[in-house]
Amino acid sequence: MSAISVIPERCTGCQACEMVCSLSHEDACSSSLSRIRVKKWEEISLFIPIVCQNCEKPPCVDVCPTGARRRVSETGAVVTDEKQCVGCKSCLYVCPNGAPVFHPSTKRTMTCDLCKGRPLCTEICTVGALSYIRERDVSMEKKRVYGQVFLQAMKSR
Amino acid sequence: MIKGWTGKRLRIDLSLQKAWLEDISQEVLRQWFGGRGLNASFFSTHFQSPVSPSSPENPVAFAVGPLTGTLAPCSGWTSIASFSPLSTPPIYGFTWMPGYFGASLKGVGVDQCVLQGKADRPIYLWIDDGEVRFEEAGHLWGKETTETTITLQEEKEDRNIEVLCIGPAGERQIPFANVIHRLSWTGDYLGLGYLFGIKQLKAIAIRGKKPITLHDPKQFLNLCLNLEDRIQKDRKVQKLKQGGKLPFLSREGETMIKEGTGGLRAGLAKQWSAFLKTCVSSREGCFTCPVNCGRNIQHQESYFRGIHLEKAWHLGPQVGVYNGEWTLKLHHLCQSQGLDPFLTSSLLAKIMKGSEYAPLSEEDLRQTEHIEDPGEKAFIILQRIINGGRKEFHLPARPASENKHLDALADIISFCPIVVKHLTQRTVSNMIDLIYAATGYFLSKEDLRDMVRNILRVESRLQNMGLDANDHSPLPLPGESQTSEILRREERNNESTAQRTTS
């Protein structure tokens, strides 16, 4: 299984991921229609893309009163079935990441569906803040950075 | 139904505290397109002669293009126009500002926003998805730009809103004051800070999330992805991406050193840029930009958000300051006080050389005479100018553009002129395809060229009316040799466009 890995340190807050998400899913450009949201703190240059992490034990599935939240077996994405969703927003409240968003016109919740296995946001992100990689490689980048720090320290001894 | 554009103009009267929407017809949009074109059209229809920049009726117009706020790469720019206080007699001035303001404006559901009038007390505008509110800004008056931005965002309990504000320099109506957006971007060479200060408008806080509908969304998505890919592969853009504007900057610096302008010293300039490089902490980019040429600076535990290297150059070697730390301090002062770095630089350079004394009082001169470090001297002089309250400055006009056709072309579509300039592969046909997919309006290259010429003509007439308002004689058309390089290059290998048009 693959997952979207987020490295906030690299994000420049350009919102291209929001635009490509809303354009490909909703045929219109707006951050309110996007399943990924970039939160910003510009005074310290911190930008954090928030997207559904498709938890192993998704609380949104447990809490959904109509059973609309379910996992798609092909991609492993946890999505909302629009026909069953009643818009009660339980998944919004229970999500530890705050990832689900409320569609302003259909009044249903929506989360990342991994674009059927080819997430466009990871393709459009040119700074490498978002990438679609195997789950076991998600922490690889952190390990590599840590390894380099360690290496430098050893060299300078 | 209008696609790509929104077909609305937001008119705001600060005196009456009223805001209303006006329709912009499809014909007008197709004739003037957007950005700079829409602004030129507004001014030419509403003004027969220039008005005083300090008068309430002097409008400040913001406009965006049909691709702003969409996925189109590098389309985050905003065009701004007004009668500028920087010259006497006042003339029509225009500028452009990178960042996110344009995208938010489009998200509010308007193509153009025109501010007129004058508030009777300090206010700020809160534009929330089409609802405009005039709110008290007494508590913000006197605050620096960073604090203003953060305070407004905290007040609205949404850190994702965009803020455009002036600093104390704008409040004191210093002619070269500027607006600051996202603590980083500015609209230069227009005296915007002064205009906001005169109108007693401290800030514009904006949240725009309305969907922008497109003529052919699927095609648009594909074109954007293709273009993004091509931009990524372009060698010049890769250079811009990796080094920010620094490689271009040092080249500019080298030519200046060779030409001997400004008495630059090569070795020191190199040291200066090496120091700045060590302080770069992260990148910043405009809305949907794949290049991210801006750099953030972290120095001594404090962030100098968004340093634009050409601005740093103007506040460094250009004014004789070869100490990187003082450059950063000067840059930070400009940013927090809301000053135009280019105009500040030209003023400081003259003062440092000793050819200009007017902005300083005799007391100021006595106090700064003995300071030996040029960086410290420039910093203290600038502080004294801000607090001095003098209004007479001799400020230069914007340096002539290398290619005004190309700049105008970029500006009417609200594209990034920097990327357009450094790009060889992004041709006019890419833009035409994108515009077609967004708006459903197919432009030929000739249409585009005529449009650019027409806009330049109207602008030139608007600017000349300061000299003689009755002169309506036709202005000379730009010669064929002046036609933009990109248009000519496109003409040489335009097979793809021709094929597509026939099919």
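Residues numbered from 1 in each chain as written. Chains lettered and ligands numbered in written order. Predicted model: local features only at pLDDT ≥ 70, side-chain atom pairs only at ≥ 80, totals over all residues. Heavy atoms only, no water.

1. With respect to the overall build of chain B
So, point 1. Check the secondary structure of chain B and you find 21 helices and 16 strands.
So, point 2. In chain B, the proportion of contacts linking residues at least 24 apart, taken out of those at least 6 apart, comes to 71%.
So, point 3. Accessible surface, chain B: about 19600 Å² in total, of which carbon and sulfur atoms supply 48%. (Helix = DSSP H or I, 4+ residues; strand = E, 2+ residues; numbered from the N terminus. Contact = heavy atoms within 4.5 Å. Areas by Shrake-Rupley, 256 points an atom, 1.4 Å probe, with all protein chains shown as cover.)

2. Some words on the overall build of chain A
So, point 1. Looking only at helices and strands, chain A has five helices and nine strands in total.
So, point 2. Helices (α) and strands (β) of chain A occur, in sequence order from the N terminus, as β-α-β-β-β-α-β-β-α-β-β-α-β-α.
So, point 3. Principal axes of the C-alpha set define a box for chain A whose edges measure 60 × 30 × 25 Å.
So, point 4. Here chain A holds 157 residues, and 46% of them are scored as buried.
So, point 5. Long-range contacts, defined here as pairs at least 24 residues apart, represent 55% of the contacts in chain A between residues at least 6 apart.
So, point 6. With the model as given, the accessible surface of chain A reaches about 8100 Å², and the carbon-plus-sulfur share is 56%.
So, point 7. Side-chain charges in chain A split into 22 positive and 16 negative, and the spacing between the mean points of these groups amounts to 3 Å. (Buried < 20%, exposed > 50% of the residue type's maximum accessible area, 1.4 Å probe, protein only. Lys, Arg positive; Asp, Glu negative; His and termini not counted. Charge placed at Lys NZ, Arg CZ, Asp CG, Glu CD.)

3. What to know about the interface of chain A and chain B
Many authors give the size of an interface as the accessible area that is lost as the parts come together.
So, point 1. The interface of chain A with chain B comprises 30 residues on the first partner and 40 residues on the second.
So, point 2. Between chain A and chain B, the buried area comes to about 2900 Å², and carbon and sulfur atoms account for 56% of it.
So, point 3. Inspection of the region where chain A meets chain B yields two salt bridges.
So, point 4. The partner of B:Arg159 in a salt bridge is A:Glu43, with the nearest N and O atoms 2.6 Å apart.
So, point 5. One can count 15 residue pairs in polar contact (both at pLDDT 80 or more) joining chain A with chain B.
So, point 6. Listing elements by their share of the side of chain A that touches chain B, those giving two or more residues are α1 (16-26), β2 (28-29), β3 (37-41) and α4 (120-124) of chain A. (Buried area = accessible area lost by both parts, 1.4 Å probe. Salt bridge = Lys/Arg side-chain N within 4 Å of Asp/Glu carboxyl O. Polar contact = N/O pair within 3.5 Å; in protein donor to acceptor, adjacent residues only side chain to side chain.)

4. Re the packing of aromatic side chains
All names here are of chain B.
So, point 1. Under the criterion given, the structure shown has 15 aromatic pairs over all chains.
So, point 2. Ring geometry for Tyr92 against Phe94: centres 6.1 Å apart, planes inclined by 45°, an arrangement best described as tilted.
So, point 3. Among the residues examined, Tyr92 registers a relative accessible area of 0% and is labelled buried.
So, point 4. Phe94 sits in the buried class, given a relative accessible area of 16%.
So, point 5. Put simply, the rings of Phe42, Phe43, Phe47, Phe83, Tyr92 and Phe94 pair up and form one aromatic cluster. (Phe/Tyr/Trp six-rings, centres within 6.5 Å; stacked < 30°, edge-to-face > 60°.)

5. As for the sheet that holds strand β12 (residues 201-207) of chain B
Residue and element names in this part refer to chain B.
So, point 1. Pairing is mixed across the open sheet formed by six strands, whose spatial order is β8-β7-β12-β9-β10-β11. Each edge of the open sheet carries a strand with a single partner, namely β8 (131-136) and β11 (185-186).
So, point 2. Where strand β9 (residues 162-166) and strand β10 (residues 179-181) come together, three bridges link them in antiparallel fashion. Looking at β10, one finds that Leu164 is bridged to His181. (Pairing = 2+ DSSP bridges.)

6. Examining the pattern of salt bridges
So, point 1. A full pass over the atoms with the stated rule returns 22 salt bridges over all chains.
So, point 2. Salt-bridge contacts for A:Asp137 lead to A:Arg134; the nearest nitrogen and oxygen are separated by 3.0 Å.
So, point 3. Connected via shared salt-bridge partners are A:Glu43, B:Glu154 and B:Arg159.

7. Digging into the packing of α1(A) against helix α7 (residues 217-233) of chain B
So, point 1. Remark: α1(A) packs on α7(B), axes separated minimally by 9 Å, with the N-to-C direction vectors making an angle of 145°. The two elements α1(A) and α7(B) meet at a crossing, and its hand is left-handed. Every residue of α7(B) that contacts α1(A) at A:Val20, A:Leu23 and A:Ser24 is listed here: B:Pro217, B:Lys218, B:Phe220, B:Leu221 and B:Leu225. (Axes fitted to C-alpha atoms, helices over the stretch in contact; angles between N-to-C directions. Left-handed = near helix turned anticlockwise from the far one by under 90°.)

8. Considering the confidence of the model for chain B
All names here are of chain B.
So, point 1. Across chain B, the average pLDDT comes to 82, with 86% of residues at 70 or higher.
So, point 2. Scored below 50 in pLDDT, residues 466-491 makes 44 contacts in the model with residues more than four places away or belonging to other chains.
So, point 3. Segment residues 493-503: pLDDT under 50, and seven contacts once partners within four positions in sequence are set aside and those in other chains are kept.
So, point 4. For this predicted complex, the interface confidence score (ipTM) comes to 0.91, while the overall pTM stands at 0.88. (pLDDT = per-residue confidence, 0-100.)

9. As for helix α19 (residues 445-464) of chain B
So, point 1. With 20 residues, α19(B) ought to run about 28 Å at 1.5 Å a step, and its terminal C-alpha atoms sit 28 Å apart, in line with that.
So, point 2. Residues of α19(B) that are buried: B:Lys445, B:Leu448, B:Arg449, B:Met451, B:Val452, B:Arg453, B:Ile455, B:Leu456, B:Val458, B:Glu459 and B:Leu462. (Expected span 1.5 Å × (residues − 1).)

10. Notes on the sheet that holds strand β1 (residues 8-13) of chain B
Residues and elements named next belong to chain B.
So, point 1. Read across the sheet, six strands follow the order β2-β1-β6-β3-β4-β5 without closing on themselves; strand pairing throughout is mixed. Edge positions in the sheet fall to β2 (18-23) and β5 (91-97), since each of these pairs with one other strand and no more. Strand after strand, the sheet turns through a mean of 20° between neighbouring axes, direction not considered.
So, point 2. Sheet topology places strand β3 (residues 60-63) next to strand β6 (residues 112-116); four bridges connect them, and they run antiparallel. Each residue of the ladder has a partner; that of Val60, found in β6, is Leu115.

11. With respect to unusual backbone geometry
Glycine aside, residues mostly have negative phi, and peptide bonds are mostly found in the trans state.
So, point 1. Residues other than glycine seldom take positive phi values, yet A:Lys107 does so here, at roughly 60°.
So, point 2. Mapped onto the secondary structure, A:Lys107 falls in the loop between β7 (101-102) and β8 (109-110).
So, point 3. Since its relative accessible area comes to 47%, A:Lys107 is described here as partly exposed.
So, point 4. In the Ramachandran plot, B:Gln17 falls in the positive-phi region, its phi being about 55° despite a non-glycine side chain.
So, point 5. Among the secondary structure elements, B:Gln17 is positioned in the loop between β1 and β2.

12. Re the packing of helix α2 (residues 35-46) of chain B against α19(B)
Residue and element names in this part refer to chain B.
So, point 1. In the contact formed by α2 and α19, the axes pass within 10 Å of each other and the chain directions differ by 45°. Taken together, the axes of α2 and α19 lie oblique to each other. As α2 runs across α19, the sense of the crossing is left-handed. Mapping the contact onto sequence places Arg36, Gly37, Ala40, Phe43 and Ser44 in α2 and Ile455, Leu456, Val458, Glu459 and Leu462 in α19.
So, point 2. Of the residues contributing to the contact of α2 with α19, the split by class is six nonpolar, two polar and two charged. (Parallel < 35°, antiparallel > 145°, perpendicular 65-115°, else oblique. Nonpolar A, V, L, I, M, F, W, Y, C, P; charged D, E, K, R; others polar.)

13. Some words on the state of the cysteines
So, point 1. Under the defined criterion, the tally for this structure stands at zero disulfides over all chains.
So, point 2. A:Cys21 forms no disulfide, and the closest cysteine sulfur to it belongs to A:Cys115, at a distance of 6.3 Å.
So, point 3. Looking at A:Cys21, the relative accessible area reads 9%, which means it is buried.
So, point 4. Left without a disulfide partner, B:Cys334 is nearest to the cysteine sulfur of B:Cys165, which lies 15 Å away. (Disulfide = S-S within 2.5 Å.)

14. Examining the side chain of B:Ser82
So, point 1. Residue placement: B:Ser82 occurs in strand β4 (residues 78-84).
So, point 2. Apart from residues no more than four positions distant in its own chain, B:Ser82 is found in contact with B:Phe43, B:Asn58, B:Pro59, B:Val60, B:Ile91, B:Tyr92, B:Gly93, B:Leu190 and B:Leu195.

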